[in-house]
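# Breakdown of the fold
This is what each chain is made of:
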Amino acid sequence: VILLCFRMYLLMALVSSLFWNTFGLTAAMDSKPNILLFVADDLGIGDIGCYGNNTIRTPNIDRLAREGVKLTQHIAAAPLCTPSRAAFLTGRYPIRSGMASSNRYRALQWNAGSGGLPANETTFARLLQQQGYTTGLIGKWHQGVSCESFNDHCHHPLNHGFDYFYGMPFTLLNNCQENKPPELDAALQAKLWLYSEIIALAVLTLTAGKLTGLISIHWKIIAWFTLAGGLFFISWYSSYGFVRYWNCILMRNHDVTEQPMRLERTASLMLKEAVSFIKRNRHGPFLLFVSFLHVHTPLFTTAKFLGKSRHGLYGDNVEEMDWMVGKILDSLDKEGLKNQTFTYFASDHGGHLEAQDGSAQLGGWNGIYKGGKGMGGWEGGIRVPGVFRWPGVLPAGTVIDEPTSLMDIYPTVVHLAGGILPQDRVIDGQNLVPLLQGRARKSEHEFLFHYCGSYLHAVRWHQKDSGAIWKAHYVTPVFHPPGAGACYGKGICPCFGEGVTHHDPPLLFDLSRDPSEAKPLSADTEPLFDTVIRKIRRAIEEHRRTLTPVPEQLSLHNVVWKPWLQPCCGTFPFCWCDKEGDSTQSL
């Protein structure tokens, strides 16, 4: 009798569980959830507690992982911000939208450039907007502003499906903080200064020679030489000499509100805007994309967090970002929205190893993975945190080791919103909902292609029947100094030219056995070597057949500074304003 009762109990529990899985989850997903997306800038996978860091305190991000699902093989589509974010927004490799560069400028350089995310690309914000969502972006954009005139705003967030935008149309740089060495095109700036000094010295020498009679030359020639030198100086200093005014600005929708930014209050302004957006739209559904300016250089950190971490300024900045995550999650709780909100946290790519100030490390840590920001193939540049939470729908405390991509967010949130993916283009992302819920055991990705700019550097093959994760490197950067693991002294590793090594046959690794990519395999050490390389080669051929030529948004013409496109809160060139006042005091 006891055994019969126990079996009946188990049967009822099973029926109850099946009922919840079938009807409870369905009911929860039938009501459109709010969607909250956090994306950090330049954060390494080894920088947060839930991925193994025990010295930088990230309790709020760790709480998301504890209450939800953590991905251990979450891959950015590019190792640099502009192309990675383009892929995130569109669910497509950046080479499909023209956001992959064939030159050394792999990210947008100016607010007043003409390149950016093309208007014919459909972001997930646009599709959610069509499903009745109120959509907002707080923080970094870095997908361009205008095309032909300063106010056409063809690349602006509001032209890509966002109802509300508050933040930087560009990205943080050292140039945004006074008394910091220049970061934007620093090597070119140094050359331009040198050429200008040579010209000035030549003019002074000719003038002195003329006055002393040592040189026989007409004053007219000296005057023309002086004029040419002056025009040369003005031609470059009018842009590079005022980067803080041209690039370091805040906008609310189409209006510039701070030019230049006051970094000491930027974090408070971003936090206030995010909390306010949630409160305004608490009756939902809403999409809020919080695109952090943290943890990009110059790592400006408010006094409350300075000197509090065990990892210097970088650790302080990470802990401040985590605090901001906590405050935004608290606002969800306060509005009673925690269980109705699908929340996601990630980084746009790996940590910046070359970011240093003397012996101080200003970039992130990529854990056991080789390489970092800017490196198209090595894991450290593209493997990032990926955390999801939706209480009652996604199982808490789950860890998934399957290959996934930042591009997967696109079809995932469109599915949750009840939308339909565009049928007129290739979408490279996959819907993660079945994997996150445990209804699917394997990722839908068989191959992932790892680009550096427009150059294919590596390919990952997920061999589902064996569990192997093969990765073939066709191009790798030349580290400087040799064996250093990064390109120190160069700012970032190149994608082509003398700074890379081509491999034929490619370097092959099985990431399931060697995630640090320490021991390349060969035909002598791996019986499947030739089979794997042939399979990957065929996949590359098939992938390339799906690519169509598009205008390159990061061409030299598109990335140069064009004064007529400069966002300005005054009358150009007198661009300065502060419309924020002391609006952050309550925080």
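Residue numbers here run from 1 along each chain, matching the order of that chain's written sequence. In keeping with the predicted nature of the model, local features appear solely for residues at pLDDT of at least 70, side-chain atom pairs appear and are counted solely at 80 or more, and the whole-chain, interface and lining totals rest on all residues. Remark: hydrogens and water are excluded; side-chain values derive from all non-hydrogen atoms of the structure.

What follows covers the layout of surface pockets. A cavity here means a set of 1 Å grid points, computed over protein atoms only, where a 1.4 Å probe fits but cannot escape. A pocket is an open set with protein on both sides within 12 Å along at least 5 of 7 lines, and lining residues have an atom within 4 Å of a point. Grid points are joined across faces, edges and corners, and a volume is the space filled by probe spheres set on the points. The volume enclosed by the largest pocket comes to roughly 1300 Å³. Considering the residues around the largest pocket, the lining is formed by 42 residues, among which Glu183, Asp185, Lys490, Gly491 and Ile492 are closest to the centre. Those elements giving two or more residues to the lining of the largest pocket turn out to be α6 (186-212) and β9 (356-357). Numbering of helices and strands runs from the N terminus, with a helix taken as a DSSP run of H or I at least four residues long and a strand as a DSSP run of E at least two residues long. Broken down by element, the lining of the largest pocket gets its largest block of residues, four residues, from α6. In terms of residue class, the lining of the largest pocket is built from 21 nonpolar, eleven polar and ten charged. The residues that make up the lining of the largest pocket include at least three from each of domain 1 (34-172 + 250-445 + 555-578) and domain 2 (186-241). Its boundaries defined by the atoms lining it, the second largest pocket holds a volume of some 360 Å³. Every residue lining the second largest pocket is counted, 18 residues in all, and those nearest its centre are Glu446, Phe447, Phe449, Ala539 and His543. With five residues, the single largest contributor to the lining of the second largest pocket is helix α14 (residues 529-545). Only Asp, Glu, Lys and Arg are considered charged in this grouping, and only Ala, Val, Leu, Ile, Met, Phe, Trp, Tyr, Cys and Pro are considered nonpolar; every other residue, Gly among them, is considered polar. The source of the domain bounds is an automatic or database domain assignment.

The residue after His294, namely Val295, is reached through a cis peptide bond having omega 5 degrees. Among the structural elements, Val295 can be located in the loop between β7 (286-291) and α10 (312-334). One non-glycine residue, Leu299, adopts positive backbone phi at about 60 degrees. Within the secondary structure, Leu299 is located in the loop between β7 and α10.

A pair of sulfur atoms, both from cysteines and within 2.5 Å, is called a disulfide here. As enumerated under the stated definition, the model contains six disulfides in all. Each disulfide pairs two cysteine sulfurs, and for Cys176 the partner residue is Cys248, the sulfurs being separated by 2.1 Å. Taking the sign of the torsion about the S-S bond as the criterion, the disulfide between Cys176 and Cys248, at about -80 degrees, is left-handed. With a gap of 72 residues between them, Cys176 in the loop between β4 (164-168) and α6 and Cys248 in the loop between α8 (243-246) and β5 (250-252) connect regions that are remote in the sequence. The cut-offs for exposure are 20% and 50% of the maximum accessible area for each residue type, with area from a 1.4 Å probe on protein chains only; residues under the lower value are buried, those over the upper are exposed, and the others partly exposed. On the basis of relative accessibility, which here comes to 3%, the residue Cys176 falls in the buried class. By relative accessible area, which is 0% here, Cys248 ends up buried. Each disulfide in the protein links cysteines that, numbered along the sequence, combine into the pattern 1-2, 3-4, 5-8, 6-7, 9-11, 10-12. Cys81 takes part in no disulfide bond, and the closest cysteine sulfur to it belongs to Cys176, at a distance of 12 Å. Among the residues examined, Cys81 registers a relative accessible area of 5% and is labelled buried.

Our focus in this paragraph is α10. For α10, which comprises 23 residues, the first-to-last C-alpha distance of 33 Å matches the rise-based estimate of 33 Å (1.5 Å per residue) to within 8%. Of the residues one or two after α10, Gly336 is the one with positive phi, at around 70 degrees. In this analysis, the expected span of each helix is defined as 1.5 Å times one less than the number of residues it contains.

This part covers the domain arrangement of the protein. Annotation of the protein at the domain level lists domain 1 (34-172 + 250-445 + 555-578) and domain 2 (186-241). The distance between the C-alpha centroids of domain 1 and domain 2 comes to 44 Å. A contact between two residues is defined here by any heavy atoms of the two lying within 4.5 Å. With four residues of domain 1 at the contact, the number on the domain 2 side is four residues. Note on definitions: buried area is the accessible-area loss of two parts on being combined, 1.4 Å probe, summed for both. Here domain 1 packs against domain 2, burying approximately 320 Å² in sum over the two surfaces, 68% of which is carbon and sulfur. We count a salt bridge whenever a side-chain nitrogen from Lys or Arg sits within 4 Å of a carboxyl oxygen from Asp or Glu. Remark: the boundary between domain 1 and domain 2 carries zero salt bridges.

Now for the pattern of salt bridges. Inspection of every chain in the model, using the stated rule, returns 26 salt bridges. For Arg262, the salt bridge identified is with Glu264, shortest N-O distance 2.9 Å. Glu264 gets classed as partly exposed once you look at its relative accessible area, which sits at 42%. Arg262 is the partner of Asp578 in a salt bridge, and the nearest nitrogen-oxygen pair spans 3.2 Å. You can see Asp578 sitting in strand β18 (residues 577-578) and its partner Arg262 sitting in the loop between β6 (255-259) and α9 (266-280), a full 316 residues away along the chain.

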